[in-house]
Amino acid sequence: MKLDDNALEFSISDIVRHFRSPYSAWATWANLQQPGTVYVENDMIQHSSLLRRSEENEADAKRYLINKFDKVKNISNPLNSLEESTNLIHEKVDVIVQPTLKRDQFSGRADFIIFNEDIHMYEVMDAKLAKQVKPEFLLQVCGYTWMLEEFNNGIPESGYFFLGDERSEKFKIEEYYRFFIDLKDEFLDTVNNYSLDE
C-alpha cells in the first residue's frame, strides 16, 4: 500500500495482509495517513539467510523453466518495467521473469508468467520456500491471474507453484478465484471506510 499524489495504490500483498490480519492492513493505511500512528511489524524478509534461500529458490525455478521453454525473458529495464512487461506479453514470450502488472488501483510483480499455447493465455507461477501450498499463496497467484485477465481475455484453468523442495505444483484457479474476487472487493470496501479512530 502506498500513496501516489494522495491516491492509494495497492499490491496483491495488501489483500493477503488483509486476509491474514485486518488490523495489520488498517495499521499500514493509518501510517500512510499519519506516519508513526501505529507500530507495524515490517513483513519484508529481513533475515539474510532466509533472503538468500528465497533468491536461490527463485533461481532454481528459473532454471527449471529455462529447461522446459525456449524463450525465457527477464525485464531488462526496471525503470520501464510496466511497458516492457506489456510488450513481452503482447509478443507472447514463453516465460517472463518478474513482469510488472497493473490493473485498476493494483500493481505488482509476479515471479513468473508462462504462456500456454494450448489455450493462448498466460498462467502464473510463484516461487515459494515452503514445501506445501498455503492459502495466502493461492490468493497471490489468483491476484496476478486477475491482473492478467485483460491480456488473456479470460481466466486460465491453472496456476503453479515452484516449492522449496524443487517440486512444481499445479492447482485449479476456478476453485479459489471467486474467493479472491470477493476478498479483493471486501478489502477495497474496508479501506474506503477506514478511519484513524479505530
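Just above, that's the structure.
Summary of the structure given here. Remember, predicted model here, so these are calculated numbers, not experimental data. (Residues numbered from 1 in each chain as written. Predicted model: local features only at pLDDT ≥ 70, side-chain atom pairs only at ≥ 80, totals over all residues. Heavy atoms only, no water.)

**Observations concerning the pairing of strand β9 (residues 158–162)**
Among the five residues in β9, five count as buried, and that is most of the element. Of the two faces of β9, the one holding Ser 158, Tyr 160 and Phe 162 and the one holding Gly 159 and Phe 161 are both buried throughout. As judged from the three bridges shared by strand β8 (residues 121–127) and β9, these two strands associate in the parallel manner. Following the sheet pairing, Met 125 is matched in β9 by Tyr 160. (Buried < 20%, exposed > 50% of the residue type's maximum accessible area, 1.4 Å probe, protein only. Helix = DSSP H or I, 4+ residues; strand = E, 2+ residues; numbered from the N terminus. Pairing = 2+ DSSP bridges.)

**Examining unusual backbone geometry**
If a residue is not glycine, its phi is most likely negative; likewise, a peptide bond is most likely trans. Positioned with a positive phi, His 120 is a non-glycine residue whose angle comes to about 55°. Within the element layout of this structure, His 120 appears in the loop between β7 (112–116) and β8. With a phi angle near 65°, Glu 166 is a residue other than glycine that sits in the positive phi range.

**What about the layout of surface pockets?**
Size it by volume and the second largest pocket reaches roughly 210 Å³. Secondary-structure elements contributing two or more residues to the lining of the second largest pocket are α3 (48–68), β7 and β8. Of the residues in the lining of the second largest pocket, the class split is seven nonpolar, two polar and four charged. (1 Å grid on protein atoms, 1.4 Å probe; cavity = no way out; pocket = protein on both sides within 12 Å on 5 of 7 lines; lining within 4 Å. Points joined across faces, edges and corners; volume = space filled by probe spheres on them. Nonpolar A, V, L, I, M, F, W, Y, C, P; charged D, E, K, R; others polar.)

**Some details on the pattern of salt bridges**
Within this structure, the stated rule accounts for nine salt bridges. The shortest N-O distance in the salt bridge between Glu 9 and Lys 2 comes to 4.0 Å. Judged by its relative accessible area of 17%, Glu 9 falls in the buried class. A salt bridge links Asp 14 to Arg 17, with the shortest nitrogen-to-oxygen separation between them at 2.8 Å. Remark: Arg 17 and Asp 14 occur in helix α1 (residues 12–20); sequence separation between them is three residues, near one turn of the helix. No difference in accessibility class separates Asp 14 from Arg 17, as the two residues are buried. (Salt bridge = Lys/Arg side-chain N within 4 Å of Asp/Glu carboxyl O.)

**A word on the environment of Glu 136**
Position of Glu 136 relative to the elements: it lies in helix α5 (residues 135–147). In this structure Glu 136 comes out as buried when scored by relative accessible area, which is 18%. With 123 residues separating them along the chain, Glu 136 and Ser 13 place their C-alpha atoms 9.0 Å apart. In this structure Glu 136 touches Val 16 and Arg 20, once residues within four positions along its chain are discounted. (Contact = heavy atoms within 4.5 Å.)

**Section: helix α7 (residues 174–192)**
The end-to-end C-alpha distance of α7 is 28 Å, a good match for the 27 Å that 19 residues give at a rise of 1.5 Å each. Where α7 is concerned, the buried positions are Tyr 177, Phe 180, Ile 181, Leu 183, Lys 184, Phe 187, Leu 188 and Val 191. Lining the buried residues of α7 we find β2 (7–9), α1, α2 (22–33), β6 (106–109), α5 and α6 (149–152). (Expected span 1.5 Å × (residues − 1).)

**Brief notes about the sheet that holds strand β4 (residues 95–97)**
Sheet strands associate in pairs through backbone hydrogen bonding, adopting either a parallel or an antiparallel arrangement. As summarised here, the arrangement of the six strands in space is β3-β4-β7-β8-β9-β10, forming an open sheet in which the pairing is mixed. Each edge of the open sheet is held by one strand with a lone partner, namely β3 (72–74) and β10 (168–172). Taking the axes of each pair of neighbouring strands and ignoring which way they run, one obtains an average angle of 25° across the sheet. Note: β9 against β10, five bridges, orientation antiparallel. (Axes fitted to C-alpha atoms, helices over the stretch in contact; angles between N-to-C directions.)

**Let's talk about the packing of α5 against α7**
At a minimum axis separation of 9 Å, α5 and α7 run at an interaxial angle of 80°. Taken together, α5 and α7 sit at an angle that is classed as roughly perpendicular. Contact residues: α5 offers Leu 138, Leu 139, Cys 142, Gly 143, Thr 145 and Trp 146, while α7 offers Tyr 176, Tyr 177, Phe 179, Phe 180, Ile 181, Leu 183 and Lys 184. Its residues assigned to classes, the contact of α5 with α7 shows ten nonpolar, two polar and one charged. (Parallel < 35°, antiparallel > 145°, perpendicular 65-115°, else oblique.)

These figures come from the coordinates and say nothing about function on their own.
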